Each structure stands twice: as C-alpha cells, then as structure tokens.
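# Chain and residue survey
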There are 2 protein chains.
Amino acid sequence: MKIAVDAMGGDYAPTAIIEGVIAAIPDLEADAVVVLIGDEQVVRPMLEKYPVPEGRVEIVHAPEVIEMGEHPTKALTQKPASSISIGFKLLKEGAVNIFCSAGNTGAMTVGALFSIKAIEGLLRPAIAGIVPQIDGSQSIMLDIGANADCKPETLAQFGEIGSIYYKYTFNVEKPRVALMNIGEEDQKGSLVAQAAHVLLRDNKKINFIGNIEGKDFFTNKADVIVTDGFTGNIMYKLGESLYPISKIRGFKDQFIDQTNYEAIGGSPVLGVNGNVMIAHGVSSPLAIRNMLGLAYRQVKADAYRHIVKALS
Amino acid sequence: MKIAVDAMGGDYAPTAIIEGVIAAIPDLEADAVVVLIGDEQVVRPMLEKYPVPEGRVEIVHAPEVIEMGEHPTKALTQKPASSISIGFKLLKEGAVNIFCSAGNTGAMTVGALFSIKAIEGLLRPAIAGIVPQIDGSQSIMLDIGANADCKPETLAQFGEIGSIYYKYTFNVEKPRVALMNIGEEDQKGSLVAQAAHVLLRDNKKINFIGNIEGKDFFTNKADVIVTDGFTGNIMYKLGESLYPISKIRGFKDQFIDQTNYEAIGGSPVLGVNGNVMIAHGVSSPLAIRNMLGLAYRQVKADAYRHIVKALS
C-alpha cells in the first residue's frame with residue numbers, strides 16, 4: 001500500500017510532516033510505504049537525518065508549492081509541478097492508494113474534483129470529521145466545511161455516503177445515522193433540516209435514527225452525524241477547542257484529550273473516486289503520525305468503491 | 001421591583017419553582033418581590049411550608065396550565081387563565097417588571113409578541129443565551145433558538161440589539177460584536193453569513209470585530225456572538241453538555257461548572273417591549289434561583305427601553 005503525503009503542505013512543513021512520517025513508520029503495517037511528495041532537494045536531506053527502514057519511505061519530486069492563501073483553481077492550473085497537483089496525478093494513475101495533505105484545503109478538494117473526480121451521481125463532496133465520544137468510540141460528522149450552504153438532497157446524500165464510509169472503515173454493520181437539529185421531534189429545525197429529515201427517513205438504505213441535538217454530539221447517540229458545512233465546521237472547531245481549554249484551565253481527562261486535533265490527525269474527503277485525506281494547517285508531527293494511521297485504515301476499507309456502487 | 005415567575009412552567013413545576021424562589025429570596029435585593037403565578041390552591045400550601053419573609057412573595061391565581069407539548073398560539077387563545085397568559089397580562093399592564101418561565105418556550109415567545117409586542121422596527125425577536133468564558137467573564141449569543149432560519153438583515157439587527165442588551169446589563173461601554181462563522185476572513189461562510197458580515201461591518205452603531213470561529217466560543221473573543229437560531233441552538237446545547245460530561249467522566253473545573261445550565265438559569269427574549277426570560281424545561285431549584293438573580297439585573301438595566309430608542 002502506498003500512502004502519499006504532501007511534504008510541503010501545512011504551516012510547519014516540511015519539518016513537521018517528515019517528523020510525523022518517521023514517527024508513524026513503526027506503527028504502520030509492514031505493507032505500508034509512505035510516498036513523500038515535495039522538493040527533493042529539501043526533503044531528502046531532512047529525511048536522511050533519520051534511520052528510515054529500507055523501502056518504507058519514497059520521495060517524489062515536486063518543485064512547486066501551493067501556499068495556504070492561494071486561490072485553489074488558479075493555483076492548481078498555474079502550478080502543475082506543485083506537491084498537491086502531483087499527489088493527485090499519482091492518485092489518479094493508481095500509483096498511490098491515498099493522498100494526504102495538511103496544505104491548502106480548497107486546493108485539496110478542488111484538486112480531487114479535477115483529477116479523480118466526483119463519484120457519478122454525487123451531488124457534493126463532503127469533508128468528514130471524526131468526533132471522539134465520551135465512551136471511547138468515534139463517530140463521524142459530515143460535512144465539516146466543504147459546503148457552507150447545503151440543499152436537503154445534499155444532506156440526505158451525506159447520510160448515505162457517510163453511512164457507507166463508517167460501515168467499511170469502522171466495521172459497523174448498520175451505522176446509526178442522525179441529523180443534527182434543534183429538537184428531537186421530526187418537524188423541528190430550519191426549512192432545509194426539515195426537508196432533509198424527510199429524505200433521510202425515507203431512505204431505506206440507511207439506518208436513520210432521527211434528529212439529535214447539540215447535547216448529543218459527544219454522547220454516542222449516532223455513528224454518522226449529518227449536517228451542513230456551516231454548522232458542522234463551527235461544531236467541529238468548538239469540539240477541538242476543548243483540549244486547548246483543558247490545558248489553559250488545568251484539568252485532565254482522557255475524553256478531552258481525544259478532542260485534540262492531533263489525536264485524530266486527518267479528515268477524509270468523501271464522494272470522490274479515491275482516498276483523499278486532509279489535515280489541519282497547523283498539523284504537528286503527532287497529528288501527521290495519527291493521520292497516517294487513519295489513512296492506512298481508510299485504504300484497507302476502500303469505502304469509496306462501495307459509495308461508487310451505491311450511487312450508480 | 002416585581003419579578004413574576006410562572007409557578008406552573010417546567011418539568012418539575014411547581015415544586016422546583018417554589019423551592020428556587022425560596023432559595024433566591026435571601027440573595028435578592030430588598031426591593032425585589034417575587035410574584036408567583038399559578039394555581040393558588042396548589043401554590044399556597046407549598047409556599048406555606050417555608051418561612052417566607054414578609055412581603056417578599058406574592059401569589060397571583062392562574063387556574064390553567066399550558067403544557068410543554070401544546071401548540072403555542074392555540075394554547076394561548078384557549079387558555080386565557082393559564083399562568084403564561086396571566087403573566088403576560090400583568091407584564092403588559094406594568095403590574096410586574098419582568099416575566100420568567102421554565103414552561104413552553106413557544107408559548108413564551110408567542111405570548112410576548114401577542115401581549116407586549118415586538119419593538120417597532122424589529123425584524124425578529126431573539127433568545128439570547130449567556131455563554132460562560134474561560135476567563136470567568138460572560139458573553140451572550142443570539143439567537144439560540146427562536147428563529148431557525150434568519151435573513152442577513154435579521155442577523156445584523158441581532159448584533160445591534162445584542163450590543164445594547166450587553167452594554168446595559170453587563171456594563172460594558174462598547175461590547176465587541178462578532179459573527180459566528182467558518183473562517184475569520186470577511187468573505188467566508190454561507191451566503192447568509194457573508195451578507196450579514198457586510199451589514200454588521202457597515203453598522204456604525206456597534207463595535208463589530210468581524211468573524212469568529214467555533215474555537216473562539218469560550219475564549220472571550222467577543223461579548224456578543226451573532227448567529228442564526230439553528231447554529232446558535234446547536235452550539236448552546238453542545239456547550240451545556242460539557243457539565244454533565246464532566247460529571248460522567250469525573251473531571252472538575254470551575255469553567256466547566258459554569259457551562260451547567262443551572263449556573264445561568266435563564267435566557268432573555270430580546271426585541272420585545274418588556275423584560276421576558278425563559279428557562280430550561282428541566283429547571284431545578286438552583287436554576288430558578290439563578291434565573292431570578294439574572295432577572296433582577298435585567299430589570300435594573302431595562303435594556304429594552306434603549307433598544308426601543310435605537311430602533312425608532
């Protein structure tokens with residue numbers, strides 16, 4: 001299995017990326033090879049400082065970098081030799097099994113749509129966030145930021161693709177799918193949420209358990225939490241703020257530790273013809289290490305192939 | 001000052017309400033008189049179990065009750081002798097200075113619009129939630145549930161009325177008003193949030209500091225957080241879930257304790273011609289006691305009079 005990582009993406013790249021990869025290698029199964037994509041003149045000397053086991057890390061040269069602030073479409077067009085452009089080229093060719101980056105999120109989602117493309121029948125791709133639960137389990141929420149405005153049909157489809165992703169990646173036969181809303185009753189919520197509720201309820205392919213509320217976010221009420229990318233992004237970042245708050249306030253708890261973005265490391269982009277994972281711009285080596293673990297699991301599950309089947 | 005309390009509103013009424021009132025009396029200033037509205041035959045015997053200081057609690061008889069599940073408009077029309085209907089009658093007549101209830105939230109907001117009415121020039125009333133901050137201060141967020149769908153103009157006005165409420169109730173000359181969004185940059189967010197940002201920025205009557213994100217919810221970035229009632233309700237309930245989570249998980253922190261809904265007790269309804277406060281249906285005696293403290297403060301500030309002036 002080849003896990004491609006953007007060596008140049010993220011606020012602390014390439015140092016944090018390379019350190020994260022080095023830290024991940026001992027944990028990853030023996031069949032996992034990490035492909036670092038970036039400026040070889042920068043990456044190779046850094047990598048050579050570490051005792052990397054034979055054949056576990058490869059470098060693919062990419063002389064250009066798409067910066068965090070750049071316009072995604074423009075940058076991808078103007079920089080074909082950027083690490084993001086080359087990562088997607090390799091993914092499309094099947095030379096790697098997944099492409100991960102802590103770089104420009106917009107360039108990552110647009111890049112996926114340009115290269116491996118959206119799955120036929122998909123309305124909108126989504127970014128799924130992994131949400132730690134107080135009982136130690138993990139749920140996913142989608143969308144956490146790719147689509148600030150969502151139609152009811154889009155939300156309903158998030159329920160379906162999220163359910164498939166969760167089923168194969170987390171090995172749960174019938175994931176509980178819920179709609180994030182402002183009340184448990186069916187008719188509650190915004191006009192979009194009300195309409196999405198009906199569509200989710202009528203979809204016999206998923207195990208829709210109804211609406212959940214903000215208070216249910218961490219209490220393992222659902223495996224797959226459906227919401228628009230506006231609400232989802234705000235909730236997700238609120239959740240991630242709990243770990244730094246615990247550090248400032250000086251309290252400690254294992255669940256709160258799991259809200260640390262570093263403990264999760266990455267978020268899959270769902271709805272595209274391949275495995276794509278994005279990470280926080282601020283990603284530390286620990287975050288990169290954990291992202292690679294999740295990436296391995298995602299490739300093993302290859303849930304996107306099941307999404308292709310379901311939508312065809 | 002007369003603080004009217006719905007003795008029949010809430011899951012544990014009238015017991016929890018009466019116990020909360022009894023607990024509040026020693027803390028309230030000497031000029032505060034609590035007016036309990038409810039079935040006198042039920043309320044008086046319960047009240048007489050306690051040594052209530054002379055002249056601090058009055059009872060106004062209201063033989064009917066609007067139940068939690070009832071349709072607000074229908075219930076208010078069909079039950080003119082309900083505690084909520086009578087509470088608003090007294091408020092409209094000026095016989096009381098504020099009306100508080102842990103009962104049917106819909107009946108409370110509709111009741112306010114029917115009786116004391118929306119302030120002239122108001123687009124939509126809002127429920128403001130008090131949000132504890134990690135430094136011990138308090139911010140407010142509006143709307144937390146009265147309006148699941150909001151137009152940009154409505155959000156912009158929330159910024160204005162929230163700023164006035166905060167200024168007079170929390171004694172801050174120029175409250176920092178922020179828009180809850182998915183990025184700090186001006187052009188980020190849903191179409192509604194983008195348009196609201198421009199309106200808020202152009203409003204010279206408020207101290208608009210721009211967008212904030214989910215991670216800024218508890219970190220005292222803003223005094224007044226503007227959002228729609230869908231996102232606001234979900235965030236607020238997520239915040240309130242932290243205290244019960246700390247109990248389940250067994251960690252303790254003073255800030256987390258403040259996320260307990262009982263520590264706040266009530267949420268003002270803003271944009272109507274008078275002081276109205278609602279509380280959780282599950283309100284305990286402690287929640288009722290703290291709501292009364294907040295109610296006293298709200299009457300002293302009488303921010304609604306300043307909102308009337310600002311919108312005229």
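Residues numbered from 1 in each chain as written. Chains lettered and ligands numbered in written order. Predicted model: local features only at pLDDT ≥ 70, side-chain atom pairs only at ≥ 80, totals over all residues. Heavy atoms only, no water.

### Brief notes about the packing of aromatic side chains
Applicable threshold: We call Phe, Tyr and Trp rings a pair once their centres come within 6.5 Å, taking the six-membered ring for Trp, and we label the pair stacked below 30 degrees between planes, edge-to-face above 60, and tilted otherwise. Accessible area is worked out with a 1.4 Å probe on protein chains only. A residue is then buried under 20% of its type maximum, exposed over 50%, and partly exposed in between. Lysine and arginine charges are scored as sitting over a ring when NZ or CZ, respectively, is within 6 Å of the ring centre and within 35 degrees of the ring normal.
Under the counting rule described, the total for this entry stands at nine aromatic pairs over all chains. Consider the rings of Phe217 of chain B and Phe218 of chain B, whose centres lie 4.8 Å apart with planes at 50°: the pair is tilted. Considered together, Phe217 of chain B and Phe218 of chain B belong to a single accessibility category, that of buried residues. Aromatic rings pair up to connect Phe217, Phe218 and Phe255 of chain A into one cluster. The ring of Phe170 of chain A has Arg297 of chain A lying over it, and the distance from NZ or CZ to the ring centre is 4.5 Å.

### Focus on unusual backbone geometry
All names here are of chain B. Applicable threshold: What counts as a helix is a DSSP run of H or I of at least four residues, what counts as a strand is a run of E of at least two, and both are numbered from the N terminus.
Of note, the amide linkage connecting Ala13 to Pro14 takes the cis form, showing an omega dihedral of 0°. Residue placement: Pro14 occurs in the loop between β1 (2-6) and α1 (15-24). Along the chain, Leu142 connects to Asp143 via a cis peptide bond; the corresponding omega equals 10°. Topologically, Asp143 is positioned in the loop between β6 (138-142) and α6 (152-170). Look at Lys117: it is not a glycine, yet its phi comes out positive at around 70°. For Lys117, the position within the fold is in the loop between α5 (105-114) and β5 (126-132).

### Section: the interface of chain B and chain A
Think of interface size as the accessible area that goes away when the parts come together; that is how it is often given. This is how the line gets drawn: Contact criterion: two residues are considered in contact whenever any of their non-hydrogen atoms come within 4.5 Å of each other. What gets called buried area is simply the loss in accessible area from a 1.4 Å probe that two parts show on being joined, summed for both. The term salt bridge refers to a side-chain nitrogen of Lys or Arg lying within 4 Å of a carboxyl oxygen of Asp or Glu.
The partner chain A presents 35 residues to the 35 residues of chain B that form the contact. Together, the buried faces of chain B and chain A total about 3200 Å²; carbon and sulfur atoms form 72% of this surface. Broken down residue by residue, the surface that chain B buries against chain A is led by Ile182, Phe230 and Leu238 of chain B, which jointly contribute 20%. Where chain B meets chain A, there are four salt bridges.

### Some details on the side chain of Asp257 of chain A
Residue and element names in this part refer to chain A. By the element assignment, Asp257 lies in helix α10 (residues 254-258). Relative accessible area serves as the criterion here: at 19%, Asp257 is assigned to the buried category. Not counting chain neighbours up to four residues away, the residues in contact with Asp257 comprise Tyr243, Lys252 and Ala263.

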